[in-house]
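Structural features, examined
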There are 4 protein chains.
Amino acid sequence: MGNLFSLTSFGESHGPAIGGVIDGMPAGVAIDLEQIQREMARRRPGQGGVTSSRMESDEVEILSGLKDGVTLGTPIGFIVRNHDQRPADYDHLKDVYRPSHADFTYQAKYGIRDHRGGGRASARETLSRVVAGAIAKQVLAQVGITISSESITPENQPPLTDGDTMGALVRCTIHGVPAGLGEPVFGKLSSQLAESMMSIPAAKGFDIGLGFDFLNVTGNTSLDNWTVDDDGNITTSTNYSGGIQGGISNGNDICFRVAFKPIATLMQPITGIDKQGNAVVIEPHGRHDTCVAPRVLPVVEAMAAIVVLDNYLMNKATHL
Amino acid sequence: MGNLFSLTSFGESHGPAIGGVIDGMPAGVAIDLEQIQREMARRRPGQGGVTSSRMESDEVEILSGLKDGVTLGTPIGFIVRNHDQRPADYDHLKDVYRPSHADFTYQAKYGIRDHRGGGRASARETLSRVVAGAIAKQVLAQVGITISSESITPENQPPLTDGDTMGALVRCTIHGVPAGLGEPVFGKLSSQLAESMMSIPAAKGFDIGLGFDFLNVTGNTSLDNWTVDDDGNITTSTNYSGGIQGGISNGNDICFRVAFKPIATLMQPITGIDKQGNAVVIEPHGRHDTCVAPRVLPVVEAMAAIVVLDNYLMNKATHL
Amino acid sequence: MGNLFSLTSFGESHGPAIGGVIDGMPAGVAIDLEQIQREMARRRPGQGGVTSSRMESDEVEILSGLKDGVTLGTPIGFIVRNHDQRPADYDHLKDVYRPSHADFTYQAKYGIRDHRGGGRASARETLSRVVAGAIAKQVLAQVGITISSESITPENQPPLTDGDTMGALVRCTIHGVPAGLGEPVFGKLSSQLAESMMSIPAAKGFDIGLGFDFLNVTGNTSLDNWTVDDDGNITTSTNYSGGIQGGISNGNDICFRVAFKPIATLMQPITGIDKQGNAVVIEPHGRHDTCVAPRVLPVVEAMAAIVVLDNYLMNKATHL
Amino acid sequence: MGNLFSLTSFGESHGPAIGGVIDGMPAGVAIDLEQIQREMARRRPGQGGVTSSRMESDEVEILSGLKDGVTLGTPIGFIVRNHDQRPADYDHLKDVYRPSHADFTYQAKYGIRDHRGGGRASARETLSRVVAGAIAKQVLAQVGITISSESITPENQPPLTDGDTMGALVRCTIHGVPAGLGEPVFGKLSSQLAESMMSIPAAKGFDIGLGFDFLNVTGNTSLDNWTVDDDGNITTSTNYSGGIQGGISNGNDICFRVAFKPIATLMQPITGIDKQGNAVVIEPHGRHDTCVAPRVLPVVEAMAAIVVLDNYLMNKATHL
């Protein structure tokens, strides 16, 4: 993903490692490796209600692109080893498609799949995103752009029966984005944010500013009218647009939401199917989170950071 | 947009023409030009409540890539002339930023803009999308994939005062998509659909399957459980996922929604601002639609067609 | 072609028009349309020994991206109509593959082809390159970069029998390129120049600096040793490297050569083959150039201009 | 590099590791890891005349994309550790630009560089290419495409004084390529081969078929005239074109040459320059090859394999 600042990632959940390559890194930026580890810690399993069965003590190893902690401008390769591999734990899933997982679709696409822990479809792949995002955040901080997010309890959230799971609504805000980022037609900043958020496992909805709530207002009551701030700059008194108009940032905070479906792995028996069409009961195994939040927050922020930094760099070419 | 089947578009609303280039067109497909015109007619202004001031009798001219109505496999260049140019109608907007339009953001990005009819930010650019989409649809029809959409009246839609505008909710369904389309991580089919839909002017939200309504159910009650259909194929008895799991199509209908904000051009006076920060009252001019629906339906379908055809072609490379 | 400043082109020789879309145009640059026409005139047939049968009075029409002659930063769409269409002239070639033309390979690739005047494989497609290149040159001129080229008579050039054709060797020099352009591994400036030059019809060889002549010297005698110029800047006393080291410009003139094969359309009878494998004698038709030079010079310069401008813009993202 | 089958690489010569990510790998192909090691062994230093100072016992570690030796269709991440790191050996080069190396251009581009062993500009980065190429070769072998290369002694090669170096001319042949691969205008197969070859360190020239020797013949004497082979297939009796016409393969062997400059690191004192413009004599250090051949042969073949496989996959999308 990305045009100038881009991430190429790899890795199956139970292969030797996951990792990635960051291209287009601006040169001469000091990177704090501990901050990367802190972002990774925010993503660690077991924060969404109960402790996951997998104790990950993940450490990222930066393989290139840095010298004495400063970026060289060359690609940053990195890996995170997969330590807690217990392949036998997954033998019962070898020929079974779980409901609402990617087992069936991977098999349909590739004719082969790594059934251990979801393989490439595992949420563990988001570690690569968090690493790249943690680096992007540090670069953005140098130009005054920061990102925050929170999980919002939905209004109509149903009660959880024992071992059941629930969805999550995440609100993210990007502060300090200068006006002018984003391309006007196909590369709208809002499109790129939507694409990046919808690429996060379990994401099923995205909106920006009032978003779906624009259906409940009229044009007259939802225009972002102009005002002049204390510094004499033109701005708006409301931010219904969520900081983007015509696909391009207007200098306000960029505000968007992402809706995630309930985790499809329950702590209850579920019924899968084998290739011959036979129902297969899958007993709960280990322990799993009941909700992607709050673990997904650093992932959302990471994707936002990558998109904004990419557009920040792209925008340098708008003028000679 | 697009990887293999791609559209490059150009054109300002009041320049000589808008148009585009379609790359990656499969060779040997017969194209019905009248069907392109019919899709363009569906997008014509004046269908959203009242008649727009602009009477467009748009005709597409195909400039390359076809011989005797059959695709050559080479790029298809096309243009649609802008006939109804009345630049003087826009003189009053030359130095004014309208609220909730792209005037300010274009100026911030480029330091220059074409103020006539919104320039590149005009919804007129969607004509290029409709042309490319109409061609993509014809190709998809040959492999049994069809696309339909409808505008849904929102539950809480407020009453319209005189000259006011409203948002729109569009539901789109893609039928006949084989299992296996889409890339698993950054190029998820759902991400690509989100990106393409959010690139449509005025789009502010996207969700797929249950989407935001996943927040109102639990995991246990929203799994797409397996069944075996009459032909002995494995499928699901529900389609909460909207036809995509892990970013890859599962063979079910792909169902998504797009939320559009109210049209920002009202038939009421609105207040803009000039570069010096002075408020400028803009009187209504001509006549405008009150809602992007139903005009936006062929645009939504066009973007869906381009994305699905691109992924259909991409998927051919999954195996040797 | 191109990453930030890019050209998408279309058009068959005897279709309605050829043209293209330039993306990534820096905003606010004044463009002289007459200069574009002058570059097109340099490319006109009939300058390579004899007059071609086709009298092209080509005029480019700019369809977007300019306002009052100044770039808007949005895509520049343009077309050149194909006026001199005499399809019947080509009926004898409908089912015949000419030797050393693209007839056979297009048919093999697409299963269909436009046999009239070479279709998409016609050298006429280079008009789009010249238009884009003429615009790129004007942008480069603003930052002090200029491009020149010349045709060199090869040492061992054989005498031409009546109606025969010959190859061409073109030397191109890019002046004023700052040090630091180009990517270090896969996007070397030299690789990009090679790719762009080898994409010109009939190009069969490319080298840079001493190029193939590096085989005739040793390391000791071909190092570009350092010196300090009158302004105190570090430079080299020779330019064997051709202005690029490690894929990145070093501030010297960039010097490369392109070798073109003899024009494959002779003014002599040649023998083609039909799909059934029967030999078909093709009599000479109209009049053709004997050599791609000097017509190819503006094409070479155009490709160089596009590559250098693209890298100039790319390089802006090397630092924050 | 690459569109569908692509390699993203990373790594400095004296950082922790070099490596890469292969995207677009077809699923279900068995990969022989020993064959990768054999290709890496062909690239090992010390084969070009004398033994290099660096004894590399390189081993590739595949981190993803394979299960039980069979490709999953997901990205293949791999690394090769840099074991023989002696940074102190390079302290004398910290502030010195060697002649005809990339020291100066990297510093000009990035404002920072890794001076140890050439950093990212080291020929060691070609290990990543060889790994990806070795995998591509195995895929190509399944569809009957093979690649071979050889080093040709140039006719006018000068005698080598003690510690001097020389250039290399490599001829590469790709056998079994079906007709129809390559894109007709900007993505010509010949352009892509040129780009990929010119991205190899020290490459300064590329030609295909007769290449530069087309300057020594006329059109009449260099047409590839048609014949019908024993199986009744249309082919040519000569292959002056080098297997590509109009940018698309014609089914003949693809034959091209690459010219490399003499190695810029001599076993003689050379004179560099520091940032202040002072001349600095650099004494020879360790032992170095006198010529990039034969070490560069597996690199040339690797790049050819990546390009051809990418185009093989791309061509699948030419028809529905």
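Details of the structure are given in the entry above.
The following refers to the structure shown. Counting from 1, residues in each chain are numbered in the order their sequence is written. To label them, take the chains in the order written and letter them from A, then take the ligands in the order written and number them from 1. Under the rules for a predicted model, residues below a pLDDT of 70 receive no local features and side-chain atom pairs below 80 are neither given nor counted, while totals for whole chains, interfaces and linings still include all residues. With hydrogens and water excluded, all non-hydrogen atoms of the structure serve as input to the side-chain values.

Quick word on the overall build of chain A
On a plain count of helices and strands, chain A comes out with five helices and 17 strands. We compute the radius of gyration over the C-alpha atoms and compare it with the globule rule, which gives 2.2 Å times the number of residues raised to the power 0.38. Taking 320 residues into account, the globule formula puts the C-alpha radius of gyration at 20 Å, and chain A, at 21 Å, falls close to it. C-alpha extents for chain A along the principal axes are approximately 65 × 55 × 35 Å. Sorting the 320 residues of chain A into buried and exposed places 63% on the buried side. Sequence-distant contacts in chain A: of pairs separated by 6 or more residues, those separated by 24 or more amount to 70%. Here chain A contributes 26 positively and 35 negatively charged side chains, and the mean placements of these two sets differ by 6 Å. Every helix listed is a DSSP run of H or I at least four residues long, and every strand listed is a run of E at least two residues long, numbered separately from the N terminus. Throughout, exposure labels follow a simple rule: accessible area from a 1.4 Å probe, protein chains only, divided by the maximum for the residue type, with under 20% read as buried, over 50% as exposed, and the rest as partly exposed. In what follows, residue pairs with any heavy atoms lying within 4.5 Å of each other are defined as contacts. For this count, His and the chain ends are skipped, Lys and Arg are scored as positive, and Asp and Glu as negative. Charged side chains are reduced to one point each, which is NZ for Lys, CZ for Arg, CG for Asp and CD for Glu.

Remarks on the sheet that holds strand 16 (residues 270–274) of chain C
Across the sheet, three strands lie side by side as 7-16-17 (chain C); this open sheet has antiparallel pairing. Each having just a single partner strand, strand 7 (96–97) and strand 17 (279–282) of chain C make up the two edges of the open sheet. Any two strands are treated as partners once DSSP identifies two or more bridges connecting them.

Overview of the interface of chain B and chain A
At the interface, 95 residues of chain B touch 95 residues of chain A. Here's the idea: put two parts together, see how much 1.4 Å probe accessible area each one loses, and the total over both is what we call buried area. Between chain B and chain A, roughly 7400 Å² of surface is buried when both sides are summed, and carbon and sulfur atoms account for 66% of that area. What counts as a salt bridge is simple: a side-chain nitrogen of Lys or Arg found within 4 Å of a carboxyl oxygen of Asp or Glu. Our count for the chain B to chain A interface comes out at two salt bridges. K109 of chain A is the salt-bridge partner of E183 of chain B, the closest N and O atoms lying 3.7 Å from each other. Sort the elements by how many residues they give to the side of chain B that touches chain A and helix 2 (residues 103–110) of chain B lands first, with six residues. Under the convention adopted here, Pro, Cys and the residues Ala, Val, Leu, Ile, Met, Phe, Trp and Tyr are nonpolar, Asp, Glu, Lys and Arg are charged, and Gly plus all remaining residues are polar. Taken together, the residues of the side of chain B that touches chain A break down into 44 nonpolar, 35 polar and 16 charged.

Quick word on the relation of the copies chain A and chain C
Placing chain A over chain C gives an RMSD of 0.0 Å and needs a rotation angle of 180°, together with 0.0 Å of translation along the axis. A rotation of that kind, with that shift, is consistent with a two-fold axis. Among all residues of chain A, the minimum C-alpha distance to the rotation axis is found for K316 of chain A, at 3.1 Å. Most of the interface of chain A is mirrored in chain C: 93% of its interface residues are interface residues there too. Least-squares fitting of one copy onto the other uses the C-alpha atoms of those residues that reach a pLDDT of at least 70 in both copies.

Considerations on the interface of chain A and chain C
Often, the extent of an interface is quoted as the loss of accessible area on bringing the components together. Contacts between the two partners involve 15 residues from chain A, matched on the other side by 14 residues from chain C. When chain A packs against chain C, the two sides together hide about 1400 Å² of surface, and 76% of this comes from carbon and sulfur. Sorting the residues of chain A by area buried against chain C places K316, A317 and L320 of chain A first, and these three jointly supply 46% of that buried surface. Summed over the shared surface of chain A and chain C, the number is zero salt bridges. Per-element tally for the side of chain A that touches chain C: the top contributor is helix 5 (residues 297–315) of chain A, with four residues.

Brief notes about the nonpolar core
If you look at the biggest cluster of nonpolar residues, it comprises 275 residues, and the most contacted ones within it are L193 and F256 of chain A, L193 and F256 of chain B, F256 of chain C together with L193 and F256 of chain D. In this structure, F256 of chain B is in contact with V170, R171, C172, I174, L193, M197, F206, D207, I208, V300 and A304 of chain B, ignoring residues within four places of it in sequence. Here, nonpolar core means buried Ala, Val, Leu, Ile, Met, Phe, Trp, Tyr and Cys residues that are tied together by side-chain atoms lying within 4.5 Å of each other.

With respect to the packing of aromatic side chains
Here a Phe, Tyr or Trp ring, Trp counted by its six-membered ring, pairs with any other such ring whose centre lies within 6.5 Å, and the pair is stacked when the planes are under 30 degrees apart, edge-to-face when over 60, and tilted otherwise. For the structure on display, the rule yields 22 aromatic pairs over all chains. Judged by centre distance (5.3 Å) and plane angle (55°), the ring pair of W226 of chain C and F104 of chain D falls under tilted. One end of the pair, W226 of chain C, is in strand 11 (residues 226–228); the other, F104 of chain D, is in helix 2 (residues 103–110), on a second chain. Each of the two residues, W226 of chain C as well as F104 of chain D, counts as buried. Each residue in the set Y97 and F104 of chain A together with W226 of chain B is aromatic and connected to the rest through ring pairs, giving one cluster. In this analysis the charged atom, NZ for Lys or CZ for Arg, is taken to sit over a ring once it is within 6 Å of the ring centre and within 35 degrees of the ring normal. Of note, K109 of chain A hangs over the ring of Y110 of chain A, and the distance from its end group to the ring centre comes to 5.8 Å.

Digging into helix 3 (residues 126–141) of chain A
With 16 residues, helix 3 of chain A extends 22 Å from end C-alpha to end C-alpha; this agrees with the ideal 22 Å at 1.5 Å per step. Buried residues dominate helix 3 of chain A, accounting for 15 of its 16 residues. Between the first and last residue of a helix there are one fewer steps than residues, each counted as 1.5 Å, and that sum is the expected span.

What to know about the sheet that holds strand 2 (residues 17–23) of chain D
All names here are of chain D. Strand order across the open sheet formed by four strands is 1-2-6-3, with antiparallel pairing between neighbours. The sheet is open, and its two borders are formed by strand 1 (6–10) and strand 3 (60–62), each paired with just one other strand. Neighbour-to-neighbour, the strand axes of this sheet turn through a mean angle of 20°, independent of strand direction. Axis definition: a line fitted to C-alpha atoms, limited for helices to the stretch in contact. Angles are taken between N-to-C directions and run from 0 to 180 degrees.

Description of the pattern of salt bridges
Residues and elements named next belong to chain A. Under the definition given, this model contains 61 salt bridges over all chains. R42 is the salt-bridge partner of E39, the closest N and O atoms lying 3.2 Å from each other. Residue E39 and its partner R42 are located together in helix 1 (residues 33–43), separated by three residues, close to a single helical turn. Taking relative accessible area as the criterion, R42 reaches 29% and is therefore assigned partly exposed.

Things to note about helix 4 (residues 189–198) of chain C
Of all ten residues that make up helix 4 of chain C, nine are buried, and the element is covered over most of its length. Regarding helix 4 of chain C, the residues found buried are L189, S190, S191, Q192, L193, A194, S196, M197 and M198 of chain C.

Brief notes about the packing of helix 3 (residues 126–141) of chain B against helix 5 (residues 297–315) of chain B
Residue and element names in this part refer to chain B. At a closest axis distance of 7 Å, the pairing of helix 3 and helix 5 adopts a crossing angle of 55°. Considering the angle they form, helix 3 stands oblique to helix 5. Seen along the crossing, helix 3 lies across helix 5 with a hand that is left-handed. Residues T126, R129, V130, A132, G133, A136, K137, V139 and L140 of helix 3 form the contact with helix 5, whose own contacting residues are P298, V299, E301, A302, M303, A305, I306, V308 and L309. Residue composition of the contact of helix 3 with helix 5, by class: 13 nonpolar, two polar and three charged. Convention used here: angles under 35 degrees read as roughly parallel, angles over 145 as roughly antiparallel, angles from 65 to 115 as roughly perpendicular, and any remaining angle as oblique. By convention, the crossing between two helices is left-handed when the near helix turns anticlockwise from the far helix through less than a right angle, and right-handed when the turn is clockwise.

Keep in mind these values describe shape, not function.
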